[in-house]
Each structure stands twice: as structure tokens, then as C-alpha cells.
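Spelled out from the first residue to the last, the chains are:
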Amino acid sequence: MTNSLIELQSVSRSYHGVAALEGLTFRVEPGEFVAVVGPSGCGKTTLLNLLSGCDIPTSGRIERRGSVRMVYQHDGLFPWLTAGQNIDLALRKLVSAQDRKSQRQALLNLIGLEGFADHYPHQLSGGMRQRVELARALAGETDLLLMDEPFSALDYLTRLRMRDELARLLHERPRTVVLVTHDIEEAAQLADRVIVMSGRPGRIICEHSLSLARPRELTDPEVTHAVQTILSELGLGMQRSENDRTDEETK
Ligand SMILES: Nc1ncnc2c1ncn2[C@@H]1O[C@H](COP(=O)(O)OP(=O)(O)OP(=O)(O)O)[C@@H](O)[C@H]1O
Ligand SMILES: [Mg+2]
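Residues numbered from 1 in each chain as written. Chains lettered and ligands numbered in written order. Predicted model: local features only at pLDDT ≥ 70, side-chain atom pairs only at ≥ 80, totals over all residues.

**Considerations on the overall build of the protein chain**
Looking only at helices and strands, the protein chain features 8 helices and 9 strands. Over its C-alpha trace the protein chain gives a radius of gyration of 19 Å, about what one expects of a compact globule, namely 18 Å for 251 residues. Based on the C-alpha atoms only, the size of the protein chain along its principal axes is roughly 65 × 50 × 35 Å. The buried share of the protein chain, reckoned over its 251 residues, is 33%. For the protein chain, long-range pairs separated by at least 24 residues make up 70% of all intrachain contacts whose partners lie at least 6 apart in sequence. (Helix = DSSP H or I, 4+ residues; strand = E, 2+ residues; numbered from the N terminus. Rg over C-alpha atoms; globule rule 2.2 N^0.38 Å. Buried ≥ 20, exposed ≤ 12 C-beta atoms within 10 Å, placed from the backbone. Contact = placed C-beta atoms within 7 Å.)

Structure, rendered in C-alpha cells:
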């Protein structure tokens, strides 16, 4: 038995005989941040459902240790509760009301929303709502966070800010994370390891490890190099450099 939080062995999932995922084998170690990138429809959400235990593979084996929490693309906040009350839900295991209050305040400070405890989700921007969602995810003692394109509904600049925010929050409160995304820059900036998937049916094309300590800048050479490498692995980098060459040749 290894120390891995998750271990997949030749996992496949089909729907009505049509393969969505095929032959996935990988592990997630405690404290690791693993990103899974792949095109739309390659089975990223299906994979997270398998990892969370909401779904079971058609074939293969999945072993999981510890508790799991999902963070969704569209914020999962309860609209009839304030930001503070939404965070309280994740703190309900704390027996003392005083402890709950101080934890809630610490989390609101952490996400820079000290004055917004009494605001309802519709009174917050999309980025603020996603910050509350992250605070809620980090509030409990969950071992493993599963994130399904948590920032893809946000505009580009907010997305960049939220990436920094997530990296900073994880620095303060380390967790094991599996993030699925189609955003290669996001994956390379945030993750220790990027698993690259093919189009449907999703198979692992390759894995790419980054050694630079987190949090990282998008412009760090290891991050930009990883983005280029992953694009080439997806057959996109080559195409781009060929186009660049053609442009230069025609100048
Ligand atoms: N419950 C289901 N019943 C039938 N087919 C499904 C079901 N869930 C997913 N699929 C199919 O499995 C494939 C993978 O879907 P999935 O939602 O996992 O992709 P994805 O990578 O998350 O896509 P996106 O990037 O658009 O979110 C798709 O072709 C989809 O049609
Ligand atoms: Mg999806």
C-alpha cells in the first residue's frame, strides 16, 4: 500500500458503449497539485466524478484515501445565505460558536472580503463569489480538493487574479489538489504536475513536471517553457511555429 491519496489503474468509463475515458493510470501524492488539461469533451468532468466517488469506472480500479471536496465552474454558493453564512456551513463541525466566528473572520480576511460577510451572492461580483467558494473549500479539513474549471466562467483579468489568489491561499493552507482545465497557462502556473489528455476518448498523452516552488509567476521561464512543451505535445506548438516561419518567410 502506497501513501498516495489517489491511485488509478487502467481506468476506463464508457456511456452506452461509447468510450469517454480510456486506460488512465496515475497517482496523486499528498500535498501535490496535479492539473489535468485536455480539450472540451475529453472526459475531464467524468474523471473528477470518478475521483470523487460520484461515478464508478466501467473497467479498471480506483483507490482513494481521505475526504474529498468538489469546487465547480459555476459557484456553488447557496443564494439565500450571506457570504458569511455560506462559509459557516463549512465550519459547522466546530463545536464552539466563538471558534466558528473567529475562523469565519480569518477566512474572510484571507480572501480580502472582510466587509462582505453580510452580502448575499447576488450582491457580489463573479470573482468575489468564487473567492467565497475557495474560502469555503479551504475552511474544512478536507484532504483533497477537486476543481472543475473553477475560473472558466470569469473574464480573463479576473481569471489571472484568481489564479494568484488560489496559489496564495494554498500557500497559507496547503491541500492536495486535482484541477481540471482546458487552460494550459493556468495548469503550468499552478501545478506541480500537468497530465495532458487527448481528445475524446480521453487518454493520457504525457505528464509534465514542474520543479519551481509555488506560488509562481506566469512569466517564470519554467512556466512559459512548460506551456510551449504542452502545446507541442498537443500538436499546437508545431503548427504555430510553422505559421510563424511562414509569416517571416513571406515578409
Ligand atoms: N451522463 C452521461 N451520459 C452520456 N454521456 C456522457 C455523460 N457524461 C458525459 N458524457 C460524455 O462523455 C464525454 C466526456 O464528457 P465530459 O463532460 O467529462 O467532458 P469534459 O472534458 O469535462 O468537457 P468540457 O471541457 O466541455 O467540460 C462527452 O462526450 C460526453 O458527451
Ligand atoms: Mg467539464
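From this point on, the discussion continues.
**Brief notes about the sheet that holds strand β2 (residues 18-28)**
Pairing in this open sheet of 3 strands is antiparallel, and the strands run β2-β1-β4 from one edge to the other. Of all strands in the sheet, those bounded by a partner on one side alone are β2 and β4 (59-64). Taken over all neighbouring pairs, the strand axes of this sheet differ in orientation by 25° on average, direction set aside. Where strand β1 (residues 6-15) meets β4, 5 bridges bridge the pair, whose relative direction is antiparallel. Bridge pairing in β4 places Glu7 opposite Glu63. Contacts from helix α1 (residues 44-52) reach β1, β2 and β4 within the one sheet, and its direction differs from that of β1 by about 125°. (Pairing = 2+ DSSP bridges. Axes fitted to C-alpha atoms, helices over the stretch in contact; angles between N-to-C directions.)

**Describing the site of ligand 1**
Around ligand 1, the structure places Tyr15, Ala20, Ser40, Gly41, Cys42, Gly43, Lys44, Thr45, Thr46, His182 and Arg200. Per-element tally for the shell around ligand 1: the top contributor is α1, with 3 residues. Its residues assigned to classes, the shell around ligand 1 shows 3 nonpolar, 6 polar and 2 charged. (Near = placed C-beta within 6 Å. Nonpolar A, V, L, I, M, F, W, Y, C, P; charged D, E, K, R; others polar.)

**Observations concerning the domain arrangement of the protein chain**
A common way to express how large an interface is: the accessible area buried when the components associate. Entries for the protein chain in the domain assignment read domain 1 (6-67 + 143-250) and domain 2 (75-141). A separation of 27 Å is found between the C-alpha centroids of domain 1 and domain 2. Counting residues at the interface gives 14 residues for domain 1 and 8 residues for domain 2. The greatest single-element share of the side of domain 1 that touches domain 2, amounting to 7 residues, is contributed by helix α5 (residues 156-172). A per-class count over the side of domain 1 that touches domain 2 returns 8 nonpolar, 1 polar and 5 charged. (Domains from an automatic or database assignment.)

**Overview of the packing of helix α2 (residues 83-90) against helix α4 (residues 126-139)**
Between α2 and α4, the least distance of the axes is 8 Å, while the angle of their chain directions is 25°. Comparing their axes, α4 and α2 come out roughly parallel. When you trace α2 past α4, the crossing you get is right-handed. Counted together, Ala83, Asn86, Ile87, Leu89 and Ala90 of α2 and Val132, Ala135, Arg136 and Ala139 of α4 form the full contact between these two elements. A per-class count over the contact of α2 with α4 returns 7 nonpolar, 1 polar and 1 charged. (Parallel < 35°, antiparallel > 145°, perpendicular 65-115°, else oblique. Left-handed = near helix turned anticlockwise from the far one by under 90°.)

**So, the packing of α4 against α5**
The contact between α4 and α5 brings their axes to 11 Å, and the two run at 20°. One way to sum up the angle between α4 and α5 is to call them roughly parallel. The two elements α4 and α5 meet at a crossing, and its hand is right-handed. For the pair α4 and α5, the contacting residues are Gly126, Gly127, Gln130, Arg131, Leu134 and Leu138 in the first and Thr158, Arg161, Met162, Glu165, Leu166 and Leu169 in the second. A class-by-class count of the residues in the contact of α4 with α5 yields 5 nonpolar, 4 polar and 3 charged.

**Describing the nonpolar core**
Counting residues in each nonpolar core, the largest one holds 57 residues, and the members touching the most others are Ala35, Val36, Val37, Ala191, Val194 and Ile230. Per element, the largest residue contribution to this core is 6 residues, and it comes from α4. Setting aside chain neighbours within four positions, we find Ala191 in contact with Phe33, Val34, Ala35, Leu179 and Leu210. (Core = buried A, V, L, I, M, F, W, Y, C linked by C-beta atoms within 7 Å.)

**Some points on the environment of Arg100**
Residue placement: Arg100 occurs in helix α3 (residues 97-110). Sequence spacing of Arg100 and Gly66 is 34 residues, and the spatial spacing of their C-alpha atoms is 23 Å.

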